[in-house]
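The primary structure of each chain is shown beneath.
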Amino acid sequence: IGSAAFNLLVICGVCIVALPAGESRRIRTFSVFSVTAFFSVFAYIWLLIILVGFSPHEVEIWEAVVTFLFFPLLVGISYAADKGLCRVKILSKTTKQMEVDSATTTVKKAEEYFPKGQLSKETLVKFIKEVRKHPALSAEDAACLAAARLVEETDHTRMWYKINAIRELSGGKKPKPRLSKKLEKVYSLLGKEDETDAKPAAPMEQKDIPMLDFVAATAAVMENAGKVAVKIRRHGKTTGIARCRVETIDGTAVSGEDYVPVKEILTFQDGETEKELSVGIVDDNQWEPDETFFLKLCILPEDVGTVMLGRVCIMEITILNDDEPGILQFKRRGILVKESIGAAHVPVVRTHGVDGTVKTKWRTIDRTAVSGKDYYGGEGEIVFDHGEVEKNIEIQIVDDFNAEKDEHFEVELFDATGGVTIGQINRSTVTITNDDDYNSIVERVALMTNVNVDNVRLQSETWGEQFRAALTVNGGDIENATTQDYVLHFLTFGWKAIFAIVPPTGMCGGWLTFCVSLILIGVLTAIVGDLASIFGCLVGLKDAVTAITFVALGTSLPDLFASMAAAKQEKYADSCIGNVTGSNSVNVFLGLGLPWLMASIYWASKGETFHVKAGTLGFSVGIYTALALICIALIVSRRFLTVLGKAELGGPRIYALICCIAMISMWFLYVLLSSFEAYGYIQI
C-alpha cells in the first residue's frame, strides 16, 4: 500500500510539472485509464475484504484464486476499452496539446522522419536533406542525429522507460544515443525552420548563434606603413555579447623582428558587427624579400557551443613595398564545385599593386545552370581595402540532393573604380558537378545509423557484452560519460557485477534470462526486506513505518524517473499516468494473487491454514482509498477544466505546481497518519 500511495500521489504529481512550461499532455485512451483507476482502488479494498471481512488473518484457496483471476479480468477489460468496445471517446492521434495564455490550443505535431521507427532509403534521404541545412555536419554527425531521431520516433514500452531510468541511476549504458552540445542544438532545430522563407540560409550561416571571421583572407602592407588594419566581422546572431581570441602566428616573418605579436580577446557588444584590429609592422631599414605571417581566430573554451568561427578564421598578411592600385581579375578561369558544397567561393586577386581602396562590380550569367533553381546569383560589388590582395565572391549553390547532370554558369567582373583596372581574366566559369557519391553517402549514413542504434539496444547477445557494459561506466561509452555517471557507477558497481551473471537474452530465446532473473529478484527481495527491518530497528522505526517509507521509496524510484522520461518524450500521458494506476492493480492481483495461490494450496495439502496478519491494513486501506479518490478526481478534473489546461499533465504553470504540491502533501499526510496509527497515537 505504501508503494501504491507513492506511485499514485508522488509520481503523478511530479509528472504534472515535469513538462516544459507551455506544454501539456492528455491521456489518449481515457477508457483504459478509467478501468485501471477503478481497479487500483478496488484492489486494496479487496485485500481488506479478504483479510478482515471473509476470513480474518487467513487466506483461503478460493480467495487466492479470485484474487489471481482479477488479473486476467483487468487485462481483458482494459483490452476491450483500448479497442474501443467501451464507449469512451479516444483522443485523436494527430493532436498534441499546448497551453497558451491559460488556454489549450492544438498545434501541429512535430514532423516524423522515421514513421513508427522504420528506417528506409527514402526516409533517410529526407532526413539527410534536413540535416544538410545546418553547417559543418559530417556523415558521422548525420548518422548520430538519425539514430537519436529513430529511437525517439520508435514506440517504446513502459519497460523501456524503466530500464532507461535504472541505467540513469546506476551510470550504466543508456538506451538512446548521447549527443554533443553542438548536435543537441541542431537536433532541437530539426523541422523548425520558417516555412515561409523560400531561400535557405547559407550553409555556414546560423541565425541563432554568433559567427566570427575575418573580412578578407589575405592582406598586404608596406614595411614602412608602421601597422596594418585588419577587420573582423560578426554575422549570424548579432544580439548579445560574442568573444574570440585573436593571435599572430609566424610565417616567413618573425614576431618581434618583422611585426609586433598580438594575442588578445576581442569582445563584440550587443549589436556590434565589425571590429578593427591593428598589428604593428617593424621597419628595420634592411632589405628583405616579401615576408608573411598569419592572424588566427580562436573560440574561448568557455564559449564553445555559443560562438562559432566562420570560413575565414585564418588570415595571411604579406609585408611588401608597393604603392600601385593594381589590377583586379579572377584567380582562375574556372572552378569546379560539388552540388553539396553549399556555397561556391570564386577568388578575385589584386596584382601589381595594393595601394588604396578599390572596388569592382560583378554579376552572374546563366548558362546550363539557372539562377534561383541551381544557384542564387545576381549582381554585387566587391571591395578591396588598402593592402588586401585576395577576396572571394560567395555564391550559394542549391543542393536538392537529387541526381542531375553537370551544370555551369559564369561570373563576370565589370565597372572597376578607384584607379584599378580589370585584367584579362574577367570571367570565371563555375561548374556544378553532381555528387557522384550520392548513393554511397546514403548507404554510409544508413550503415552508421544502424550501428548507432545497435549500440543502444537494451539486450546483450553474449556474456562478454554484458560484463563489459556492467563493469564500465556508461556501458563503455566513456567519451559521453558525465561526472554523475562515474559517481553512480562507483556506488552501484557491486550490484551491476553480480547481476551481470544473468544469462544474456541471446540464449534459449530469452527464457533462461527470465528464469534466472526471477530467482535473483526473489533473493534480492528477501535481502532488501531483512535490511529494511534491520535499518528500522537501528533507527527505532517500526516495520510498518519502514515499509511505507524506505521500502516504498526504494521500489518506486525507478518508476518515478521512468514516468518523468515518458511524460517528456511521449505525445500522450498514457505511459506515465495510465501505467501508474495499472501497476498498482497488478501488484495486488498478480504480485500477491499468485504467491497466495501457491501458498494456500501448499498449506492446505499439509492440513493447515495459510495465515496472513492484517495488522494495520484496515486503517491504511481507508486512508489510501480516500486520498486515491481525491487524487483521481483531481486528475480527471484537470482533463475537463480550462483553467487547469484541459490536460492531465502540464498546462498553466501555477496551477500545475499547485496540483503537484497538493498530491505530494497527500502522500506526506498518508505517511504521517499511518505512522501515528502504528505507534498508537491513533486508536481504531
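Quick caveat, the model's predicted, so the values are computed rather than measured.

The rules behind each value
Residues numbered from 1 in each chain as written. Predicted model: local features only at pLDDT ≥ 70, side-chain atom pairs only at ≥ 80, totals over all residues. Heavy atoms only, no water. Helix = DSSP H or I, 4+ residues; strand = E, 2+ residues; numbered from the N terminus. Buried < 20%, exposed > 50% of the residue type's maximum accessible area, 1.4 Å probe, protein only. UniProt positions renumbered as here; feature names shortened; annotations may be inferred. Core = buried A, V, L, I, M, F, W, Y, C linked by side-chain atoms within 4.5 Å. Domains from an automatic or database assignment. Contact = heavy atoms within 4.5 Å. Pairing = 2+ DSSP bridges. Axes fitted to C-alpha atoms, helices over the stretch in contact; angles between N-to-C directions.

Here we come to unusual backbone geometry. Even without being a glycine, His57 presents a positive backbone phi close to 65°. Mapped onto the elements, His57 comes out in the loop between α2 (30–54) and α3 (61–82). Even without a glycine there, the phi angle at Asp415 is positive, about 55°. When you line up the elements, Asp415 lands in strand β20 (residues 407–417). Using a relative accessible area of 43% as the deciding quantity, one classes Asp415 as partly exposed.

This part is about the UniProt feature "transmembrane region" (unreviewed entry) in the protein. Those places that UniProt annotates as "transmembrane region" (unreviewed entry) correspond, in this numbering, to residues 6–22, 29–55, 61–81, 511–532, 544–566, 586–605, 617–641 and 653–673. The span residues 544–566 is 100% helical and 0% strand by assignment, and the distance between its end C-alpha atoms comes to 32 Å.

Bringing the nonpolar core into the picture now. In this structure, Ile577, Trp596 and Leu649 are the most contacted members of the largest nonpolar core, which totals 72 residues. When residues of this core are assigned to their parent elements, the largest contribution, 13 residues, is made by α2. The residues that make up this core include at least three from each of domain 1 (1–93 + 559–679) and domain 2 (109–190 + 440–501). Discounting chain neighbours no more than four positions away, the residues touching Trp596 are Leu47, Ile50, Leu51, Val59, Ala64, Phe610 and Val612. Core analysis: the second largest hydrophobic core is formed by 27 residues, Ala216, Val262, Leu266 and Phe293 among them.

Turning next to the sheet that holds β20. Reading across the sheet, the five strands line up as β14-β22-β20-β16-β18 and stay open at both edges, with mixed pairing between neighbours. Unpaired on one side and paired on the other, β14 (334–338) and β18 (379–384) mark the two borders of the sheet. Between one strand axis and the next, the sheet turns by 25° as a mean value, whatever way the strands run. As defined by bridge partners, β14 adjoins strand β22 (residues 427–433) across five bridges and the pair is classed as parallel. Bridged to Val337 within β22 is Ile432.

Quick look at the pairing of strand β6 (residues 227–236) now. As judged from the five bridges shared by strand β4 (residues 210–214) and β6, these two strands associate in the antiparallel manner. Directly across from Leu212, in β6, lies its bridge partner Arg234. By the bridge criterion, seven bridges tie β6 to strand β9 (residues 274–280) in an arrangement that is antiparallel. The residue bridging Val230 from the neighbouring strand is Leu277, located in β9.

Reading across the sheet, the four strands line up as β9-β6-β4-β11 and stay open at both edges, with mixed pairing between neighbours. Edge positions in the sheet fall to β9 and β11 (308–309), since each of these pairs with one other strand and no more.

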